[in-house]
Every structure is written in C-alpha cells, then in structure tokens.
Amino acid sequence: MPQAAAPDTDNYDVFQLDWDAIDHDQLYVPSAHDEQLTTMASNLAGWLADGEDLICSDEDGSNSPDVEGEDFDPELLQPGATRPAQRGDTAPPNATWFPWPDKKTCILDILRHLPRSLFSDAQLQVILWGLSVLGVDNVPSTRILKDIDSALQSQYGIPSVRYQGALGHVYYVNHLPSIIAQEMANPRVRPHIRHYPEDAGGRLDQPWQASRWLYEIDPTVATPMIRKGRQDFYVFEPMKLMDGTVVVPERWYTKPSTPGSPSSDFEYWGRAWRAHPVVSDHTRGYVVHMYETMEVRASQFLLSFPHLLQTYRMDGQPDPRNIIGLIETRGCGVLPWTLTNPAVGNRWRTLARGHRVLSYMIWLYCDDTSGNTSKKWNKHNSFLFTAAGLPRVMVHKESSIHFLATSNIAPPLEMLDGIVDQLEYAQMHGVWAWDIEAREMALVIPAVLAMLGDNPMQSELACHVGLQGKYFCRNCWVHGAGADSSQRPDLAGVAVTNSDDDARSIQTGSVATDSDGSLHRDVTHQSKRKGRRSETMQDLVDRARRFLGANPPRTRQDTVNKLRSMFHEVTSGKGKTRYIKMKTDTGIKDTYMDVFVERILKHVKGIRAGSDRYTEAVSAITQGRPVEQFMSPVWRIKGLDPHQDTPVEILHVILLGFLKYFWRDAISRLNDAQKVELQVRLASFDVTGLGIPPLAGQTLVQYAGSLTGRDFRAISQAAPFVLYDLVPRECYEAFLALSALVPLVWQPCIDNIDEHLAVLQVAIDHFLNCTARWTPRWFNKPKFHIIRHLPDHIRRFGPAILFATEGFESYNAVIRDHSIHSNRQAPSWDIARGMARCHRVLPPLVWCNDEQDWLMPGSGVESLVNINIPSFRNVIADYFGLIDEPLTLEAASRAPYALQHVERRLYQTCQSVVASSGETCRLGDFVLAQDPRAAGSTLPLVGRLHELLQICHSPAQQRNQANWILLETFEVTGSADIYNLPRIQASSWVVLPVTALTCCVNVQHNCARHRCTGSAAVSVYEEREKTTKTTRRIEHLVPSDLILNTAQMRNATHVQQFRTQVQQLDRDRAIHTGAAAELNAQKIKTLKTSKANPARQPPMSPSMATLDIRAHNKW
C-alpha cells in the first residue's frame, strides 16, 4: 500500500501565509453554482428553524405544524458566517414544540434524558460544538438547557419526594401516583392496560386470568364499579336484577363473549351475595347471605343503588340503606355489616363524583445492584414496578418499567416505608388521571399484585430468616437438619444468617458443598472438624423426605402475631437472649423491627426489668406508638401476603440454580480429553430454531464458573445431546429431567391450566426423584424445595415468565448509568431525579398541571417518533420501543417451472418466510405446520422447508409474502433410547399454503446411537479472516437418524405436544438408592485418603462399611 508523503518541515520557514493580509471578500466570491447551493442551504435552514413536519406534502402547506401567523426570516448561510448560540433568555414558547421553546431545545433535552444515552456536561459541550460547526443556528448553551430542564421538571415532571426514614436515613421516592397518572394518559400504553380480572375458563396466559387477581385480591382495592348505560354499579351496594332479586356484588370480572373469542371481546360479570329482605314489626331491611354466591351477567343488572333508592317504596321492598347484617355460613348468627356505610353506599361513589373508578395492579420489584462500573461493590437497593395489567409482550419492555427509589445507605424495608405511605394515600383517596382512551377523568386505585426479587430479597421482604435458616422456605414450614421434627413447625429452630443467593446452602448435618465445585468432596470429615457428627444414611433419607414432602404454609396473620409477641417480650424486659431465641424458634426475622429492638435494648442496658425506670426507658423509645409502627411496612400493604405473594423466581432458582449446580458439577468430573470432546460437541450443536447464537464451546467449558443466565438457557437445550457418555448415568438422567422441565416452566401460553399443572407437577417430581437417586446431598440446596411451590404460583399469578425478573435485572444498567453520571454526594436524590427526567421525556408525552388540567405536547414533538430518515434509525422511537419491525421476505429469485402440475403460473422461489409465531424460517429449516385439511385435534406436521413459492403478479407478491411452501414431512417413530426424546423419520412431501406454517423447531442427530466423533475439520476465522488453522467438528454418521429436541424453550407451547412420557421413579426407592451411593462414595474416598495418609484418618467401623450395601440390596 503506498505511503502518504511526509510534510516537508524544512521548508516551513521559506513560505508562510499571512491570513490577516488576505481580502476575504475577494477570496470568497461565489460562483453561480455556489450561489445556488447557498440558496438551497438557506431554504433548508429556514425549514429547520420553522420545524415543519417531515411527512407534510410539498404541495400542501396547510399541514405545516408552524404556529399560524408566525413569521420567520431565516439568516442566510454565508461562508464564514457565525452561528450565534442561545446564551440569554430562552425564546418565547412555540406551540409546535410545546412545552419546549423550539425544536433544537426539544431534541437536545430528550436526547440528554434517554435512559441508556446519558452523557456528561463535557460530552454535551462536544455535541453543541459539533452542531455549531455544522451550521445549526441558535444552538442553546449548556446553561440554557439546564435551566429549561429544571423549569420543565418543576412544572411537568415526576416529583421526587424526600423521606426521613424511621431508621434515620434520608432517601427519595419518585411519586408513584404521578407515574400511574401519566401511564393512564399515554395513548400507546393505556389501551393495553387491563383493570378487571378475566375468567377465561382453562386458558391462562395473562396475570388477570390467574386466581390471585380473579378470586383472592382484596375487593377494597380491586376495581369497585362497572358502568352499564348511564348507571354505575358498585361493590358492597344493594342492586336489583331483572328477575327482581336483590344482591350485593362482591367483585367484578369479565368473560369472553363466546368461547374461543379474543380477550378484547368480553362482557362483564359480577360475583354477588344474595340479599334477603326482612320485614317485621320492628325492622325492615336486608340480611346478606355470604354463603349464597351468584355469578351474574351484566345484562341481568336492572337498578343500581341510587336508582333502587328511588323505586323501593313503589315496589314495596325494604329500604336498601338498611342492611341489618350478614351471615357468613349457613346456620351461623347475623354479624354486623362493616364493609360500607349502608346509608351512603360505597365511598368510592362519593369520591368519584360520577367518574369511573379503576384499579391499577402492579408488580413491585426490589433488588440490589452496584453503582460502580468497576468490580468494587457499591450496593444500591432499588425499587421498580411495572403495570401487571399490561399483556405479557409489553410488561417486560424497558419503557414499561418504572423507577421508584434507590439508596446505598437506606435498607430496603426503610425505603418500602415511604413507598407504602404513597400507596396507602392513593388507596384511600385515589389517583386522578386523564384516561386517554375514554377521553375523561378517572379515579385510579393502585394495588400490589405480587412482590418480585431474588430469593434473599424476597425472604427479607417476607420477614423470613433466609435460605441459610433451618426453616429455609418463606412459603411453608419445611425444616432442615437440627430441627426436631416431633415439634410443631412454629417451635423449631432456624439460623439467622442471610448471604448471597448463589453461594448459600442449607447447613445440615454436614458442611454444604461449594456451588462452584463438585459434590464429591470429603464433607463428612469437614463436618467433624467443626464439631458436627457426620450424616448417617437415615439422616440423608430423612432430609430428602422433608425436602420433598408436604408442609403447612406460612400465613400473614400468624407471622404478624408472632412479631407482636416478640416485640412485647422485649418491651416487658425479657432481654436480648429471649428475643434471639424467639427468632430462632419461629424462623421469623424482621430486619426493620430489629433496629428498634436494638435501640430499646441499648437504652435499657443496666436497668432492672420490671422497674418504673425500665418502663420509662422503653416509653422513651416507643413513645406510646402501637407495635405495628415498629414492624416491617410490608404488613401495611393491603391485600398482600408476603409469604404467598412472593412467587418463585425462575431465573435464580432454575437457570442460576439447578443448571449452574449441575453444569459445574459435570465439568468438574471431566478430564482434559473429555473437556476437549465436550467443547467440540458444543461447537457442533445445531442451534437452528432455538433463537440463540452458535455455542462457544470453549467458553462454556473453560469458564463454567462464570456463566450467565443466557448461557444456561443454551446449556439446558443442548445438555441432552452433549453429555450422554461423559457423566454417570444417574447424573445424565437428572440432566434429562431438568431439560424436560425447563420448557414447561417457560411456556408463555397455557391452554388448559389443570392439564398443564398436572404435567408440570409430574415433571418436577421426576426431576427431584432423579436428583435424589443421583445423590440426596443436593438437598442441602434450598432451591430444590422452593421449586415445589411453582405450580401453585403459576395458578395464582399466571405463566412463570410473567413474574420472571430478567427485564428488571437488565434495568439495573440504567440505574448504574445514573449513578456514574452523578457526583455521588446524594445518590438517592440524584438517581431519583434523573429517572424522573427520563420519565418526563417518555413519548408520547402528557403532562399534568393539576388533577383536572392535562396538557398534550405540540405537533412537532409528537412527530419525532414518526420521523423516518433514510440510513438513520429513529433513536427516540428505538429507545422507547416504539418501532414496529416490518415482517418481510428476503429477495426472491425466479423459478418459472415450480409446481407446474398445480397451476400454470409464473412462480418465484424465496429464501425465507415469516411463520405465524413471528419468527423467520429459512430454506432447510425444520418447522411445524398445520394441515388445513386435518382435524383441529391432530398433531401438527413436522417438516423441512424445501421450497418457498410466490405467485408472480399476485396480491401476495405486492405484500412481499409467499403463497405456498413445499415440505418434506417427518413422522415420529418412537422414543430414542438414550435421550428419551422423540425420533423422527422422513415420510412424504406436501404442499401447504404459507398460512399453515406455525414455527421453527430444533432437530438434532442421533449421535449417541451412531457414536459420532469429532473427525471433521473446519477452518478457523480470526478477526473475521479465514486462517489456515482448523478445528474439529462432529461428523454425523447416518444423517437421516434424527431427534426432535423437545427441550427447546422457544415455541414450547407447540413443541411440547410431542413430549415423550418417561417412566416415573418410586421416590422412596430413589432416595435410598441415592443415599447408599453417596455413603459408598464417601467411604471409598475415606479409604483412599487413609491409605495415602494413615495417621490423619481414623479407621472405619465394619458395621458402617456394610450399612449402605444392605440398604442397597434391600431396594
């Protein structure tokens, strides 16, 4: 390549140009061509200054978004002319760019506050300088941008509320009601938010169809009314039906108008109690029979409470304002009516003043993240939320996740106190919001559907001791070793430590194994060095049975009662030892209350319990306040049971739990040659149809201890095809069971909840049985018990993917960016203020001056999300997820003789097509398709795409779509012996319309049967260049022997129809087999160690040496 000539520095003194002596006017005399370019540039500058909409027509000037009557005389762009920047007062408001003064300020302010596009003042100066150099007029200065930002935030932004926490820390919480109000006024979000639960029969794919929202939510925070015509019907108010019956509705819900109709086509229903009139000489009124529940269609409603008041005398009925009482169960006495003031009806009717009242369910999330980019840990506890009423495809989008609070000093429960204050006020008075869909004001009631987080955080929120306790489950009373199983669950012991989720283990009779290594370590003698006896076979069996058995659930009321008792014991002088013992005896640990208990104990130190001085010292701390004010604020959240409403978090329990444990254990068992073979298999694994990139075999093996959830997703789907002869059979069977379980857990749509949960329960039991047969030592990991609660949580909250936390976890990067771009002197204030500004620029923008005054942005602001500039992506629409990607086919090639026997037309073949699932299928891919001629209950066809045909000059060609697909079909011929997965074999050919294409599937070769080896060689690419190096790949023998990979997570709803049935293991036998194998392995290792160093190891008892053999022979 020729080199550029170096400058001749020796001649610098020979000639130097004196720029000051040059006549610049003469130097820059423009030519005619230059003058034309200057005129065009001037016109362009005028257009930029006016801010006209890009999509308006050149012939029609009426579509210009400029203010009517406003004149603008743009400055001509002359070569060398200066472009003044705005340094003084801002320009007068421009209605086109309201609330910003002009277009440039609007765009720069929005770009400064994009969640993942933060930049410092120095970077902003670089951008402003670049704009000036490019000839942009009136570029605002940094100070002007900050002044405008402060003005807009104070008038239209989300306020950040300061709190002085009860534990002494200062923190800031973004105003929850304001965020909800802006979401209700967002035209891109509001139409998708659901406010009523739905009875969808057996179908379950959204949270409003699950039992928690449909049956269990507190009616006082659910949507209290429905509107029929000009009448508003409220819960807990008498109303009259068409047949004359008077009922009192308890809650509202919806049902599809017809079976199988879309969820948008629904009708309202009510669950009501029958009200019986009582007429006597002394009283006239109604007695509500709660045990007589009716399901009433809205079309049967006749008179609401106000209208019933006007007609009851004419009908000869009692006054509906006189509710004598209620009867809960048949044969019981009449209890007083306390749900409303019967004289005025539901209080929300008075507060609403004729407007609609709607509930707003939220998923409330809490987690910790680091505020640093370096490895130095700077822990920030953060609260986020998203609307539970959003459909699954929207709920985890970044634009749907909203920030509430963070702090690196205030603990989570202290910040939750401020959030609950806002929540309680909003539930008492409601949140006024502009309902953009109904075009009217509405009163909104926020409520918490569930609290999400990882296992340690959920334990802390539930006032639970954590996963290292002997009572390690926040949902039930299961106990580990060390607790007396003959005692009641609330009297057994628990530890009080709580450490990182991934490193924790149950401290049972032996020291827990490190999750980074194999279970086959000498844990017995480690236990002896700590003064604990080694576990016998009976200990292992008992521990496994406790893990896998049924246990009574924890309840909210029981925990609250115990916390009251614990606090009373402290204030009455029982002392710290008694308090710690009560925490140990109950497994309850309220970290919020612990702070006040420590203050009391410190204040009364040295004072005799029971004396007047002791009472005065305690009163100086409590100040006569009730005990509830010293307990965790989680108990103040109406309708929430933190034990049962903290659902299993599948990311940390399965991907970062079981799969991480198993994969690390498998890698630790392999020698160097086996690791190389495993790398080759992973690199050769066909990922078609899985939606993941090719596997990096070396990374997955060499860095097995540092993998992420995304890596374990891939491992789950590949493990059955790469580990079959590298690990013991019991280990491989556990991997197979886990790989079969994962797609059931991540299934997004459930057609029949009862059938699905039955299949899921069988899969969980089989996985746990296989694990127990491998070794019960795994049951020192609490997650192997926690997974047993997942079926109940799916029934209560919907598919597990709804309450997965991947979306929230990725949002930690946004919080970290705000921490980095602050001076770190006030992190809670700085981050809360920065996140509030991000919400202010969230398009479409809607602002509130007061509860009745809502303002929309100017037309120029709204047009920003619709601008389409060639070769540039709309970054504003992209950041907020407002771009809808078109689904198109790739370029087609001509094939005029395709399907000549079907139709004498000209065809083209295409390279790819979009299936009904939304994914792109290419030639050679294996797919599922539904034959239109087959009955609806038959299995879909498994086929391989061979041709994609498009009829030339057809409507499909105009839409860039295909007409027909040519499939080589395959039929299932049984189950593969080793994989326990369906084998498929080519059978015939079929031509189907493109609408029959369902999705892609993953198919693998039966390498285990044919002993395929890495004998093939492929070239290695480095820096995207082909090198002379080669690497090994698997060479398949008998390529037609194929396996359908039902471990596939993508499109699991369709693929699971081909799931093979496996023989279930007897649980008791599996536990004894695993316990015997574990003791054998320990004794063999003990013998090897004693031979290597006889002085360090005691001799083994002969009776213990034969114990496991007898037990094994027994089974």
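Residues numbered from 1 in each chain as written. Predicted model: local features only at pLDDT ≥ 70, side-chain atom pairs only at ≥ 80, totals over all residues. Heavy atoms only, no water.

Colleague: Explain the pairing of strand β7 (residues 266-279) here, please?
Modeller: The side chains of a regular strand alternate, first on one face of the sheet and then on the other. Of the pairings in the sheet, the one linking strand β6 (residues 246-256) to β7 comprises nine bridges and is antiparallel in character. Among the inter-strand pairings, T254 is bridged to a residue of β7, identified as Y268. Judged from the eleven bridges that link them, β7 and strand β8 (residues 284-297) form a sheet pairing that is antiparallel. Paired with H276 across the bridge in β8 is V287. From the end of β7 to the start of β8, which pair antiparallel, there are four residues. (Pairing = 2+ DSSP bridges. Helix = DSSP H or I, 4+ residues; strand = E, 2+ residues; numbered from the N terminus.)

Colleague: Where do I start with the packing of helix α22 (residues 709-722) against helix α23 (residues 729-745) in this structure?
Modeller: Geometrically, a packed helix pair is captured by the angle between its two axes and the distance between the axes. It is at 9 Å that the axes of α22 and α23 come closest, and there the two elements cross at 140°. In this view, α22 runs oblique relative to α23, as classed from their interaxial angle. Crossing hand, α22 versus α23: left-handed. Across the interface between the two elements, S716, A719 and P720 from α22 touch Y732, F735, L736, S739 and V742 from α23. Each residue belonging to the contact of α22 with α23 can be placed in one class, and the counts come to six nonpolar, two polar and no charged. (Axes fitted to C-alpha atoms, helices over the stretch in contact; angles between N-to-C directions. Parallel < 35°, antiparallel > 145°, perpendicular 65-115°, else oblique. Left-handed = near helix turned anticlockwise from the far one by under 90°. Contact = heavy atoms within 4.5 Å. Nonpolar A, V, L, I, M, F, W, Y, C, P; charged D, E, K, R; others polar.)

Colleague: I tried to follow the sheet that holds strand β10 (residues 323-327) on my own but got confused; where do I start?
Modeller: Pairing within the open sheet is mixed, and its six strands lie in the order β9-β5-β6-β7-β8-β10. Strand pairing shows two members of the sheet lacking a second neighbour, β9 (301-303) and β10, which therefore form its edges. Between one strand axis and the next, the sheet turns through 40° on average, direction left out of account.

Colleague: Would you take a moment to explain the environment of I409 for this structure?
Modeller: Within the fold, I409 resides in the loop between β13 (401-407) and α11 (412-429). The class for I409 is exposed, based on a relative accessible area of 51%. When the C-alpha positions of I409 and Y171 are compared, they lie 8.5 Å apart, and in sequence the two are 238 residues distant. Once residues lying within four places of it in the same chain are set aside, the contact partners of I409 are H169 and V170. (Buried < 20%, exposed > 50% of the residue type's maximum accessible area, 1.4 Å probe, protein only.)

Colleague: Just checking my understanding: could you explain unusual backbone geometry for this structure?
Modeller: Most peptide bonds adopt trans geometry, and most residues besides glycine take a negative phi value. P99 follows F98 through a cis peptide bond whose omega is 5°. Residue placement: P99 occurs in the loop between α2 (32-50) and α3 (103-112). Here N980, not a glycine, exhibits a phi torsion of approximately 55°, which is positive. Even without a glycine there, the phi angle at N1051 is positive, about 60°. On the secondary structure map, N1051 appears in the loop between β30 (1042-1044) and α33 (1052-1055). With a relative accessible area of 16%, N1051 lands in the buried category.

Colleague: Can you walk me through the pattern of salt bridges in this structure?
Modeller: Pairing of side chains with opposite charge becomes possible as their charged atoms draw close. Applying the stated criterion across every chain, the model contains 48 salt bridges. With its nearest N and O atoms 3.4 Å apart, the salt bridge here joins D645 to R212. Pair noted here: D645 is in the loop between α18 (612-622) and α19 (650-669) and R212 is in helix α7 (residues 211-216), with a separation of 433 residues, a long-range link. Accessibility assignment for this pair places D645 and R212 in one class, buried. Close ionic contact of D645 with R796 constitutes a salt bridge, the shortest N to O distance being 2.9 Å. Taken together, the residues D645 in the loop between α18 and α19 and R796 in helix α26 (residues 790-797) connect sequence positions 151 residues apart. The pair D645 / R796 is uniform in exposure class, with both members buried. (Salt bridge = Lys/Arg side-chain N within 4 Å of Asp/Glu carboxyl O.)

Colleague: Could you clarify how one ought to interpret the side chain of D435 in this entry?
Modeller: Relative to the elements of secondary structure, D435 occurs in strand β14 (residues 431-435). A distance of 3.1 Å separates a polar side-chain atom of D435 from the backbone nitrogen of E437. Those residues in contact with D435 that sit more than four places away from it in its chain are M184, R190, R356, L358, E440 and A442. (Polar contact = N/O pair within 3.5 Å; in protein donor to acceptor, adjacent residues only side chain to side chain.)

Colleague: Would you explain the packing of aromatic side chains in this entry?
Modeller: How two aromatic rings sit relative to each other is set out by the distance from centre to centre and by the angle between their planes. Applying the stated rule across the entire model yields 34 aromatic pairs. Between W252 and F301, the aromatic rings sit 5.7 Å apart at their centres with planes inclined by 55°, giving tilted as the arrangement. Of the two residues, W252 sits in strand β6 while F301 sits in strand β9, which places them 49 residues apart along the sequence. In this structure F301 comes out as buried when scored by relative accessible area, which is 2%. Taking 5.1 Å as the distance between ring centres and 35° as the angle between the ring planes, the aromatic pair formed by F721 and Y979 counts as tilted. Residue F721 is found in helix α22, and its partner Y979 is found in the loop between β24 (964-975) and β25 (982-993); the two are separated by 258 residues along the sequence. Accessibility expressed as a relative area gives 7% for F721, which makes it buried. On the basis of relative accessibility, which here comes to 1%, the residue Y979 falls in the buried class. (Phe/Tyr/Trp six-rings, centres within 6.5 Å; stacked < 30°, edge-to-face > 60°.)

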